[in-house]
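Take a look at the letters that make up each chain.
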Amino acid sequence: MGLLDGKVIAITGAGRGIGRAVALACAADGASVIVNDYGVSIDGSEPSSDVADAVVAEIEAAGGTAIAIADDISTMEAGERLVQTAVDKFGRIDGAVCVAGILRERMLFNMSEQEWDGVIDTHLKGTFTVFRAASAVMRKQDGGGSLVAFTSGVGMWGSVSQANYAAAKGGIVALMRSAAVGLQRYAVRANAIAPVAQTRMAANVPGGTAETGEPEDVAPMVVYLLSDEAKDVTGQTYTVVGGKVALWSQPREIRSVVKEGRWTAAELAEKLPGAVGIDRLPMFEYIEMMQKRGRGSGAEAGGAEAAKQ
Ligand SMILES: NC(=O)c1ccc[n+]([C@@H]2O[C@H](COP(=O)([O-])OP(=O)(O)OC[C@H]3O[C@@H](n4cnc5c(N)ncnc54)[C@H](O)[C@@H]3O)[C@@H](O)[C@H]2O)c1
């Protein structure tokens, strides 16, 4: 008995890295899998259907059931086709996992419109296209469904040299939370994973990451979130790295100051530092820690090398 027996799961970016590991794990736990991957290079160029086909062959060789689709998931048509394929071939869609991603690293002051758009389109719009098409079917079917997005620590913390990527990943968390609150009444859940794993994408991070693991370490958490065992879990973001699973906090107001009527700027300048103050960015601490280890600014934060770009 698998945790996903009888379920139909669509996964984007499933041809390589973490998406591939998730696809293999879902199939091994009993799901029929739709494997989407545009088969592109790290910056989103040179599409190919090879990697999606290869993962389907792997799943079938292990006795599982899968279908390959080599679409660019940033288009509405691709999101609809992914979900429609699940419905046409298997009669329903129980889970949708949005893993597809690219990197176009550049300091903000040098970033081109094309570098911005490509990253936002693949990550943020590529999650919207699938969540939109999947939720339209899930809300009408028995048992609802489970949506899983892929974010990153930099989506919460910011990034030195990947403002496009950090903005997309922050947007994905807001999209996931909106899906969670908007779809709760239809028994559709939404959660996000902020993974760290050794893949070609991680190999492009200047200075490396403080912690690391394998794509196969991330996959079981996704299987759990897709399963009925997680029926009460929605609106959550989890980091998974190696054997560690960590829950991210939800943003809340932490301190406030109130007066009758409107503040003047001069009053704020006087009162605010003592009464409310600031909440220092964790990324500043992370950069300091990585610098002490002699690894530049480290991680997706980017560093001295990145600042030259
Ligand atoms: N690896 C890490 O440490 C790490 C850290 C934080 C976040 N993430 C996130 O995890 C996810 C998986 O990353 P990975 O490290 O496995 O990367 P990866 O490069 O190994 O795999 C990404 C896959 O997405 C596919 N893809 C790219 N654009 C696509 C598109 N438009 N349509 C369909 N498929 C497309 C690529 O062809 C590739 O196979 C990404 O969303 C990434 O941002 C990874």
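Before reading further, recall that the structure is shown in the block above.
Residues numbered from 1 in each chain as written. Predicted model: local features only at pLDDT ≥ 70, side-chain atom pairs only at ≥ 80, totals over all residues. Heavy atoms only, no water.

Draft legend 1. Up close: the site of the ligand. Inspection of the region around the ligand gives 31 residues, with Ile18, Asp37, Asp72, Tyr165 and Thr199 positioned closest. A distance of 3.0 Å is found between an oxygen atom of the ligand and a backbone nitrogen or oxygen belonging to Val40. Here a nitrogen atom of the ligand sits 3.0 Å away from a polar atom, N or O, in the main chain of Ile73. The protein chains hide 98% of the 840 Å² of surface that the ligand would expose on its own. More than half of the atoms belonging to the ligand lie within 2 Å of the grid points that define the largest pocket. Elements supplying a minimum of two residues to the shell around the ligand: helix 1 (17-28), helix 4 (113-138), helix 6 (163-183) and helix 7 (200-203). Looking at the shell around the ligand element by element, the count peaks at three residues for helix 7. Residue classes in the shell around the ligand are distributed as 14 nonpolar, ten polar and seven charged. (Near = heavy atom within 4 Å. Polar contact = N/O pair within 3.5 Å; in protein donor to acceptor, adjacent residues only side chain to side chain. Areas by Shrake-Rupley, 256 points an atom, 1.4 Å probe, with all protein chains shown as cover. 1 Å grid on protein atoms, 1.4 Å probe; cavity = no way out; pocket = protein on both sides within 12 Å on 5 of 7 lines; lining within 4 Å. Sits in = over half its atoms within 2 Å of the grid points. Helix = DSSP H or I, 4+ residues; strand = E, 2+ residues; numbered from the N terminus. Nonpolar A, V, L, I, M, F, W, Y, C, P; charged D, E, K, R; others polar.)

Draft legend 2. Local environment of the layout of surface pockets. Quantified by volume, the largest pocket comes out at close to 740 Å³. Of all elements in the fold, only helix 1, helix 4, helix 6 and helix 7 reach the threshold of two or more residues within the lining of the largest pocket. Of the residues forming the lining of the largest pocket, the biggest block, four residues, is contributed by helix 4. For the lining of the largest pocket, a count of residues per class yields 16 nonpolar, 15 polar and nine charged. (Points joined across faces, edges and corners; volume = space filled by probe spheres on them.)

Draft legend 3. Local environment of the packing of aromatic side chains. Following the criterion strictly, the structure yields two aromatic pairs and no others. For the ring pair Trp157 and Trp248, a centre distance of 6.0 Å and an interplane angle of 70 degrees mean the geometry is edge-to-face. Here Trp157, found in helix 5 (residues 153-157), pairs with Trp248, found in the loop between strand 8 (244-247) and helix 9 (265-275); they are 91 residues apart in sequence, far enough to count as distant. A residue is classified by how much of its surface remains accessible, and Trp248, at 21% relative accessible area, is partly exposed. Taken together, Trp157, Trp248 and Tyr286 form an aromatic cluster joined through their ring pairs. The ring centre of Tyr186 lies 5.3 Å from the NZ or CZ of Arg139, which sits over that ring. (Phe/Tyr/Trp six-rings, centres within 6.5 Å; stacked < 30°, edge-to-face > 60°. Buried < 20%, exposed > 50% of the residue type's maximum accessible area, 1.4 Å probe, protein only. Lys NZ or Arg CZ within 6 Å of the ring centre and 35° of its normal.)

Draft legend 4. Representation of the pairing of strand 3 (residues 65-69) within the structure. Judged from the five bridges that link them, strand 2 (residues 32-36) and strand 3 form a sheet pairing that is parallel. Along strand 3, the bridge assignment pairs Val33 with Ala66. Taken together, strand 2, helix 2 (residues 50-61) and strand 3 constitute a β-α-β crossover, and its handedness is right-handed. (Pairing = 2+ DSSP bridges. Right-handed = clockwise from strand over helix to strand, strands pointing away.)

Draft legend 5. Spatial organisation of the sheet that holds strand 7 (residues 237-241). The strand order 3-2-1-4-5-6-7-8 describes an open sheet built from eight strands, whose pairing is mixed. Each edge of the open sheet is held by one strand with a lone partner, namely strand 3 and strand 8. Across the sheet, the axes of successive neighbouring strands diverge by a mean angle of 20 degrees, strand direction being ignored. Lying on the sheet, helix 1 is in contact with strand 1 (8-12), strand 2, strand 4 (95-98), strand 5 (145-150) and strand 6 (188-195); it crosses strand 1 at an angle near 170 degrees. (Axes fitted to C-alpha atoms, helices over the stretch in contact; angles between N-to-C directions. Contact = heavy atoms within 4.5 Å.)

Draft legend 6. Spotlight on the side chain of Ser32. On the secondary structure map, Ser32 appears in strand 2. On the accessibility criterion, Ser32 (16% relative accessible area) is buried. For Ser32, the contacting residues outside a window of four places in its chain are Lys7, Val8, Ile9, Thr65 and Phe90.

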